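Observations on chain architecture
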Amino acid sequence: MDFALSAEQEELVRTLRAFARKELAPRSRDWDRTGEFPWPAWRQMGELGLLGLRIPVAYGGQESDYMTFGLAMEEIARGDFGCTYGIQLAGLAGEIVGASGAEEVKARWLPPTARGEEIIALALTEPGVGSDAAHLACRAERDGDSYVITGEKSGISLAMVAQSAVLFARTGTGGAKGVTAFLVPLGLPGVSRSPLRDMGSHSVGRAVLSFDHVRIPLSHRLGDEGHGFYQVMKGFDYNRVGIALACLGVAQISLEETMTYVKERRAFGKPLATFEGVSFRIAEAATHIDACRWLCYRALWLADGGQRHSKEAAMTKWWGPKLAVETIHQCLLFHGHYGYTDELPFEQRMRDVIGLEIGDGTAEVMKTIITRELMGREARPY
Ligand SMILES: Cc1cc2nc3c(=O)[nH]c(=O)nc-3n(C[C@H](O)[C@H](O)[C@H](O)COP(=O)(O)OP(=O)(O)OC[C@H]3O[C@@H](n4cnc5c(N)ncnc54)[C@H](O)[C@@H]3O)c2cc1C
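In this report, the structure presented in the accompanying data block is examined.

The rules we used
Residues numbered from 1 in each chain as written. Predicted model: local features only at pLDDT ≥ 70, side-chain atom pairs only at ≥ 80, totals over all residues. Heavy atoms only, no water. Helix = DSSP H or I, 4+ residues; strand = E, 2+ residues; numbered from the N terminus. Expected span 1.5 Å × (residues − 1). Bend = angle between axes of the 7 residues up to and from the residue. Buried < 20%, exposed > 50% of the residue type's maximum accessible area, 1.4 Å probe, protein only. Near = heavy atom within 4 Å. Polar contact = N/O pair within 3.5 Å; in protein donor to acceptor, adjacent residues only side chain to side chain. Areas by Shrake-Rupley, 256 points an atom, 1.4 Å probe, with all protein chains shown as cover. Nonpolar A, V, L, I, M, F, W, Y, C, P; charged D, E, K, R; others polar. Patch = residues over 30% accessible without salt bridge, like charges linked within 9 Å, V, L, I, M, F, W, Y side chains within 5 Å. Salt bridge = Lys/Arg side-chain N within 4 Å of Asp/Glu carboxyl O. Core = buried A, V, L, I, M, F, W, Y, C linked by side-chain atoms within 4.5 Å. Axes fitted to C-alpha atoms, helices over the stretch in contact; angles between N-to-C directions. Parallel < 35°, antiparallel > 145°, perpendicular 65-115°, else oblique. Left-handed = near helix turned anticlockwise from the far one by under 90°. Contact = heavy atoms within 4.5 Å. 1 Å grid on protein atoms, 1.4 Å probe; cavity = no way out; pocket = protein on both sides within 12 Å on 5 of 7 lines; lining within 4 Å. Points joined across faces, edges and corners; volume = space filled by probe spheres on them.

What follows is about helix α6 (residues 228-264). Compared with an ideal rise of 1.5 Å per residue, which puts 37 residues at 54 Å, α6 spans 54 Å between its outermost C-alpha atoms and is within 8% of the ideal. At Asp-237, α6 is bent by approximately 35°, the largest bend along its length. Burial analysis of α6 places 28 of its 37 residues in the buried class, the great majority of the element.

As structure tokens, then:
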């Protein structure tokens, strides 16, 4: 058993940590306040190869291993949580389009995504279904050599700025087996977008996407009819670990800043760090973050070895975001009334991270996956 990162991975962590500190952290608050989309940062992430991690080399990507993806999520989150959405969505789209797209679709959409010039959103959730995504209602009707898409997708990250979306629509009868994936350009007639007013991650621009008889060529179907749901679920496992690591990255930087602060800030004539009521909470948070991080690394190690990792991924996805919210909250409190202001980053970080207690699957849904993996189908509620 080897718990060390490779020399290459150590170098990647050093590079990304410096990038996040210098280029992202100083701008993160402005992006939160203005909601402005950080295209320059996206291009920089493209230059660093972060948006092509799961895109085939032939289309401008790196085809990196999953561990590299996880380390990138963790490090970028230390500077700006919103930017990690770029890594995860380019990863999911890169994998689905790279594996199942027609040549013309891959050649058109993947290289600009890897360069950080364009974005492919992932449109699964609908106004009527989220956790229960297999029962989605959006329809794609075959009409000669095209499909006509009608329906609504809700809560879609980056949808206000994306140029296209991997969209899941019903082509067959009810349930998961009737769902097919498509690459839908969002500039087509019949597509409209309306923004959601989120409590955090403002630059991510979540939105409702409406499709009113949107016609796309047959070539834009990704894989066979009826395979869409399985395509996205495959990617969700490793992506959940990446989300957990991003949340832990935010918790870790918050804890590091708090350790510096409590050594300087004095009360009752002594540094705060000398009070066990403070230092023991820090020791507990550090313990939990370390344990959760190693669970994440183990899940990615399983993924890289081609082994099943749904249980471990679900464990990290309910625990990581929850732990991060609790840790950041405690860090905010240890900064006293300053922590409550928007001069310090803790309130923004809490608002940002709470979103991914929900996005990509809630804690309750993760626990149904864990119980199914532990106890079999008899433990499934549906
Ligand atoms: C920040 C953010 C980013 C997102 N980005 C995207 C995106 O890019 N693309 C996309 O398609 N979607 C996206 N989503 C949507 C997200 O995937 C859904 O919100 C999520 O799957 C939950 O679905 P829902 O909101 O409809 O909640 P519901 O399914 O209505 O659930 C509501 C509550 O009921 C609980 N619940 C549901 N079923 C069960 C059960 N069986 N047992 C116990 N409790 C249950 C849930 O845990 C939750 O607490 C995003 C959401 C957020 C918040």
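What follows deals with the site of the ligand. The ligand sits among 18 residues. The nearest are Leu-122, Thr-125, Ser-131, Thr-362 and Glu-364. For the ligand, an oxygen atom lies 2.6 Å from a polar atom in the side chain of Ser-131. Within the side chain of Thr-362, an N or O atom sits 2.6 Å from an oxygen atom of the ligand. Burial of the ligand by the protein chains amounts to 64% of its free accessible area of 980 Å². The set of elements that each furnish at least two residues to the shell around the ligand consists of β1 (120-123), β3 (146-156) and α10 (346-358). Considering only residue class, the shell around the ligand consists of seven nonpolar, eight polar and three charged.

What follows is about the environment of Asp-342. Turning to its location among the elements, Asp-342 is positioned in the loop between α9 (336-339) and α10. Within polar-contact distance, the side chain of Asp-342 engages the side chain of Arg-33 at 2.8 Å.

Before going further, it helps to examine a nonpolar patch on the surface. Taken together, the side chains of Met-1, Phe-3 and Trp-294 define a hydrophobic patch exposed on the protein surface, amounting to about 430 Å² of accessible area. Mapped onto the elements, Trp-294 comes out in helix α7 (residues 276-304).

Along the polypeptide, Pro-189 turns up in the loop between β5 (179-185) and β6 (191-195). Judged by its relative accessible area of 68%, Pro-189 falls in the exposed class. Sequence separation between Pro-189 and Ala-134 is 55 residues; the distance between their C-alpha atoms is 27 Å.

Let us look at the nonpolar core. The biggest cluster of nonpolar side chains holds 115 residues, and the ones touching the most others in it are Ile-87, Ile-149, Val-166 and Phe-168. Element by element, the count of residues in this core is highest for α6, at 16 residues. With five residues, the next largest nonpolar core counts Ala-314, Val-365, Met-366 and Ile-369 among its residues.

Inspection of the entire model under this criterion finds 25 salt bridges. With a shortest N-O distance of 2.7 Å, Glu-256 and Arg-78 are connected by a salt bridge. Here Glu-256 is found in helix α6, whereas its partner Arg-78 is found in the loop between α3 (66-77) and α4 (81-100), with 178 residues between them in sequence. On the basis of relative accessibility, which here comes to 11%, the residue Arg-78 falls in the buried class. For Arg-349, the salt bridge goes to Glu-257, with nearest N and O atoms at 2.9 Å. With a gap of 92 residues between them, Arg-349 in helix α10 and Glu-257 in helix α6 connect regions that are remote in the sequence. Its relative accessible area of 29% is what places Glu-257 among the partly exposed residues. Counted as one network, the salt bridges with shared partners bring together Arg-17, Glu-75, Arg-78 and Glu-256.

Turning to the packing of α3 against α4, a few remarks are in order. The N-to-C vectors of α3 and α4 enclose an angle of 160°; their axes lie 7 Å apart at closest approach. If you check the angle between α3 and α4, you find them roughly antiparallel. You can see that α3 and α4 cross each other, and the crossing is right-handed. In this structure, α3 uses Tyr-66, Phe-69, Ala-72, Met-73, Ile-76 and Ala-77 to contact α4, whose residues at the interface are Phe-81, Cys-83, Thr-84, Ile-87, Gln-88 and Glu-95. The class makeup of the residues in the contact of α3 with α4 is nine nonpolar, two polar and one charged.

This paragraph deals with empty space enclosed by the protein. Under the criterion given, the structure shown has two cavities of 30 Å³ or more. Lining the largest cavity we find Trp-42, Leu-51, Gly-86, Leu-89, Ala-90, Thr-113, Glu-118, Ile-119 and Ile-120. With three residues, α4 is the largest single contributor of residues to the lining of the largest cavity. For the lining of the largest cavity, the residue count by class is six nonpolar, two polar and one charged. Its volume calculated, the second largest cavity comes out at about 40 Å³. Lining the second largest cavity are Ser-28, Trp-31, Asp-32, Asp-80, Gly-82, Ser-201, His-202, Ser-203, Gln-348 and Asp-352. Secondary-structure elements contributing two or more residues to the lining of the second largest cavity are α1 (7-34) and α10.

Purely geometric stuff here, so don't read any function into it on its own.
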